[in-house]
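Notes for the structure review
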Amino acid sequence: MAFTVSPWWWPAAVLCAATAGVGIHDLLQRRHSILRNYPILGHIRFMLESIRPELQQYFIERNYDGRPFDRDVRSLVYQRAKGGAAELPFGTERNVYAEGYEYFETSISPFPVGVEEPRVRIGGPDCTQPYDMSLLNVSAMSFGSLSANAVLALNRGAALGGFAHDTGEGGLSEYHLRHGGDLVWEIGTGYFGCRTADGHFDRARFAEKAAHDHVKCVSLKLSQGAKPGIGGVLPGEKVTAEIARVREVPEGRTVISPPYHQTFGTPRELIRFIAEMRELAGGKPVGFKLCVGSRREFLAVCKAMIEEGVTPDFIIVDGAEGGTGAAPLEFADHLGTPLTEGLITVHNALLGAGLRHRIKIGASGKVATGADIVKRLVQGADFTNAARAMMFAIGCIQAQSCHTNACPVGVATQDPRRARALNVDDKSARVHRFHSATVKSAQQIIASLGVSEPTDLRPHMLRRRVDPVTVRSYAELYDWLAPGQLLIEPPESWAADWKTADPDRFDA
């Protein structure tokens, strides 16, 4: 009688053979010690490690202690974007007696909430086409870092809500222009979209594009919060024909953004370049963005403004806690000034130098709620920008895979298959709803502090617990300069930096 094997044995036999093969490979390979000592079983360790962020986010972390954004904040953004209720039942989960806890000083006699959304007029004395900025806007994120659908959704949301959309330094693409949202065109060290063949600033190309009706302001990027002091590298394999066309670079060749600008090398040259850009832009508002480093360097820029008689129309302060793209861990964790200190430094420097009335200040870095907006206004900002919160509004789940081109929801990727999951019509409406509800929340908080306008906010209205029994207001925690004080008699804490600040050299 012939011996036959049941067909049910074949899968088991194949599985055993495959397992044995993996085990033999593990024993012979020399790359992983774990697999040599624990063949087959060691792969479980690598599998669990690969899904650790998801396990942490969904099953372990509490609502209020996740990073970079906790679940409470993410849920708030999602609910507002969907048009749902954003109320919290049963009281706060935060420890209000913990060191560092901050809260606002409310009034017994709050004001009625304003019906109209507050606007901030951007445009100094040399600006002929001022722009009225919203309290909350889309922060800098480039096409290339974001998918085409993500840029379309953000811009259409900005058009629906009447707020500004910063292009990021990756150039002015058709996706920024298609839906007619107001644009802040950001120019970085690579001068993408307005560069010569050898990577220098092309004045004619800049003037041509800055004249576009949708471009309302121009922002010169000096540095960014995620990685101050270094430029960027876009590998050649990511430089598709479309991205090459937008950035005006050769297709398929690696593109390097230098860490510094080639057009200027001193504070005085920077200020003169700002004036030139404003003239080339037909009088539209021009400013610059930076992550604050040395206070003395910024004071040198202030001295250059005074001596040249020229000021930018706005300055955007980017906090070290900001950053939607990838950055080296050491830079993200240890370089740059956090937004609170950077913002207060810039506000005080301009105030003390007698320049604050000519320049509006924007703040960017983890702005996601109405409370975040009001906090930054108290600290010296006139308006705020949000990047990651806007990403949440269009579906980002904080997978933290932005640099891998494998974003699971189609936001931060150039993979067409992944990007198609992002529906522009739906997500743009969510951006609009999130913006509207968040600004309204900020207005409600402002009214509860007993003032009617953002310009009436003062440092004493924000308080911080410094130990279990001591609370201090921001008026007490920080020194606040009087208008023109640096020009008359600098306080001792500022005197040395002001004296040594040189408008003809950057020197930390």
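Here goes a summary of the coordinates provided. A quick note: this is a predicted structure, and the numbers were derived from the prediction, not measured.

**Considering the overall build of the protein chain**
The helix and strand inventory of the protein chain stands at 20 helices and 15 strands. Since a compact globule built from 508 residues should have a radius of gyration of about 23 Å, the 26 Å found for the protein chain is in line with a globular shape. In terms of its C-alpha atoms, the protein chain occupies a principal-axis envelope of roughly 110 × 60 × 45 Å. For the protein chain, buried positions account for 48% of its 508 residues. In the protein chain, the proportion of contacts linking residues at least 24 apart, taken out of those at least 6 apart, comes to 70%. Accessible surface, the protein chain as shown: approximately 24,300 Å² in total, 55% of it carbon and sulfur.

**As for the packing of aromatic side chains**
The full count for this structure, using the stated rule, is nine aromatic pairs. Note on phenylalanine 201 and phenylalanine 206: the rings are 5.4 Å apart at their centroids and 50° apart in plane angle, and the pair reads as tilted. Across the pair, exposure class does not vary: phenylalanine 201 and phenylalanine 206 are buried alike. With centroids separated by 6.0 Å and ring planes inclined at 35°, the aromatic side chains of phenylalanine 264 and phenylalanine 273 adopt a geometry described as tilted. A residue is classified by how much of its surface remains accessible, and phenylalanine 273, at 3% relative accessible area, is buried.

**Quick word on the side chain of threonine 337**
Examined against the element boundaries, threonine 337 turns out to sit in the loop between α12 (329-334) and α13 (339-352). The buried category is assigned to threonine 337, whose relative accessible area is 18%. Here valine 292 takes part through its backbone oxygen, which lies 2.6 Å from a polar atom of the side chain of threonine 337. In contact with threonine 337, not counting residues within four places along its chain, are Cys291, Val292, Gly293, Asp318, Gly319, Ala320 and Gly342.

**Quick word on the nonpolar core**
Phe206, Leu350 and Met390 are the most contacted members of the largest nonpolar core, which has 121 residues in total. Other than its neighbours up to four places away in sequence, leucine 350 contacts Phe298, Cys302, Met305, Ile315, Leu355, Arg356, Ile359 and Ile361.

**As for the packing of helix α14 (residues 370-378) against helix α17 (residues 424-448)**
Relative to each other, α14 and α17 sit at 55°, their axes nearing to 7 Å. By the angle class used here, α14 and α17 are oblique. Here α14 runs over α17; the crossing is right-handed. Between α14 and α17, the residues in contact are Gly370, Ala371, Ile373, Val374 and Leu377 and Thr438, Ser441, Ala442, Ile445 and Ile446, respectively. Class assignment of the residues belonging to the contact of α14 with α17 gives a composition of seven nonpolar, three polar and no charged.

**Examining the pattern of salt bridges**
A full pass over the atoms with the stated rule returns 27 salt bridges. Of the charged contacts, one joins glutamate 102 and arginine 464 as a salt bridge, the two residues approaching to 2.9 Å between their closest N and O atoms. Of this pair, glutamate 102 sits in strand β1 (residues 102-104) while arginine 464 sits in strand β14 (residues 462-467), and the two are 362 residues apart along the sequence. Salt bridges sharing common partners tie together Arg268, Arg272, Glu307, Glu308 and Asp504.

**Describing the packing of helix α5 (residues 71-82) against α17**
It is at 7 Å that the axes of α5 and α17 come closest, and there the two elements cross at 110°. Classed by the angle they form, the pair α5 and α17 counts as roughly perpendicular. Both α5 and α17 take part in a crossing whose hand is right-handed. Here α5 contributes Val77, Arg80, Ala81 and Lys82 to the contact with α17, which in turn contributes Arg430, Arg433, Phe434, Ala437, Thr438 and Ser441. Grouping the amino acids of the contact of α5 with α17 by side-chain chemistry returns four nonpolar, two polar and four charged.

**Some thoughts on the pairing of β14**
Relative to β14, β1 runs antiparallel, the two sharing three bridges. Following the sheet pairing, glutamate 102 is matched in β14 by arginine 464. Looking at chain direction, β14 and strand β15 (residues 470-473) are connected through four bridges and run antiparallel. Paired with arginine 464 across the strands is arginine 472, a residue of β15.

Reading guide: rules and limits
- Residues numbered from 1 in each chain as written.
- Predicted model: local features only at pLDDT ≥ 70, side-chain atom pairs only at ≥ 80, totals over all residues.
- Heavy atoms only, no water.
- Helix = DSSP H or I, 4+ residues; strand = E, 2+ residues; numbered from the N terminus.
- Rg over C-alpha atoms; globule rule 2.2 N^0.38 Å.
- Buried < 20%, exposed > 50% of the residue type's maximum accessible area, 1.4 Å probe, protein only.
- Contact = heavy atoms within 4.5 Å.
- Areas by Shrake-Rupley, 256 points an atom, 1.4 Å probe, with all protein chains shown as cover.
- Phe/Tyr/Trp six-rings, centres within 6.5 Å; stacked < 30°, edge-to-face > 60°.
- Polar contact = N/O pair within 3.5 Å; in protein donor to acceptor, adjacent residues only side chain to side chain.
- Core = buried A, V, L, I, M, F, W, Y, C linked by side-chain atoms within 4.5 Å.
- Axes fitted to C-alpha atoms, helices over the stretch in contact; angles between N-to-C directions.
- Parallel < 35°, antiparallel > 145°, perpendicular 65-115°, else oblique.
- Left-handed = near helix turned anticlockwise from the far one by under 90°.
- Nonpolar A, V, L, I, M, F, W, Y, C, P; charged D, E, K, R; others polar.
- Salt bridge = Lys/Arg side-chain N within 4 Å of Asp/Glu carboxyl O.
- Pairing = 2+ DSSP bridges.

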